[in-house]
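Okay, here's what each chain looks like letter by letter:
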Amino acid sequence: MLPSTSAINQSFRKEDAFTTGGPAFRVNEIFISINGEGPLTGEAAIFLRLSGCNLRCAYCDTQYARSMEQGMFLQIRDILAELRRFPGIRNVTLTGGEPLFAKDVGLLITEILRAGYNLNIETNGSIDLSPFMELDPERKIIFCCDYKLPCSGEESRMYLPNISMLRPGDALKFVIGESSDFEKISSILQGYRPRCLVYLSPVFGKTDPREIVERMLSWSRTTDVSRIRVQLQLHKYIWEPCARGV
């Protein structure tokens, strides 16, 4: 396993969050790896995983980060200190759980950007992105936004205006678990014509990637597929699929 959170995490007490000033965030883990999916696939990044999620997707592969009771409370200054332990990496991937579900997370995002990092935010598609886009006038954030398909059991929770909000450098991700999901993807692409990159990914070990490729190519008769990408979760092929801290 690559380096995880340092001794700060082990010594930080819950009550410190309220006695030293400023907001604290429930941090599940911090580690370095490569981005396994999205526009920065293959690039080195510091992963900052916050605990807590407002969805319960059927195929969730980070169930250990669902609960707000997991992880350690860290203030922004301590999180930044952890990031600085890896001076050769300027990409930060903020993930979860659902990172935008955390109270005051806009303050954390602002300070990470102020510290000079490029930020990749992985979000589940249920939370309005507009307040967070306002924090990014210099376009240093990539929003990698899911659309939860029927196989997830959480499609009804999607905030549909996000699709039109996503910018050319952002990403819209579909995780495909069953054949009926393809019809929904086609409907979304034709109805919204997103400006961003679109990623099609299989539920690991369940969906055949070849079927995804074949479906995408079949859409080319009626849909511009030049900004659609088929992706596998690279980290699950390099390390064990259930490995943490990678």
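Not measured: the values here are computed from a predicted model. (Residues numbered from 1 in each chain as written. Predicted model: local features only at pLDDT ≥ 70, side-chain atom pairs only at ≥ 80, totals over all residues. Heavy atoms only, no water.)

The next thing to look at is the environment of E69. When you line up the elements, E69 lands in the loop between β2 (44-50) and β3 (72-75). You can call E69 exposed: its relative accessible area is 59%. It is 7.6 Å that separates the C-alpha atoms of E69 and S51, two residues lying 18 residues apart in sequence. (Helix = DSSP H or I, 4+ residues; strand = E, 2+ residues; numbered from the N terminus. Buried < 20%, exposed > 50% of the residue type's maximum accessible area, 1.4 Å probe, protein only.)

As enumerated under the stated definition, the model contains four aromatic pairs in all. Between F31 and F47, the aromatic rings sit 5.0 Å apart at their centres with planes inclined by 0°, giving stacked as the arrangement. In this pair, F31 sits in strand β1 (residues 24-34) while F47 sits in strand β2, placing the two residues 16 residues apart along the sequence. A residue is classified by how much of its surface remains accessible, and F31, at 2% relative accessible area, is buried. A relative accessible area of 8% places F47 in the buried class. A ring pair is formed by Y147 and F174, whose centres lie 5.9 Å apart and whose planes are at 50°; its orientation type is tilted. With Y147 in strand β6 (residues 141-147) and F174 in strand β7 (residues 171-176), this pair connects stretches of sequence that are 27 residues apart. Residue Y147 is classed as buried on the basis of its relative accessible area of 6%. What makes F174 buried here is its relative accessible area of 0%. The aromatic ring of Y117 is capped on one face by R90, whose charged end is 4.1 Å from the ring centroid. (Phe/Tyr/Trp six-rings, centres within 6.5 Å; stacked < 30°, edge-to-face > 60°. Lys NZ or Arg CZ within 6 Å of the ring centre and 35° of its normal.)

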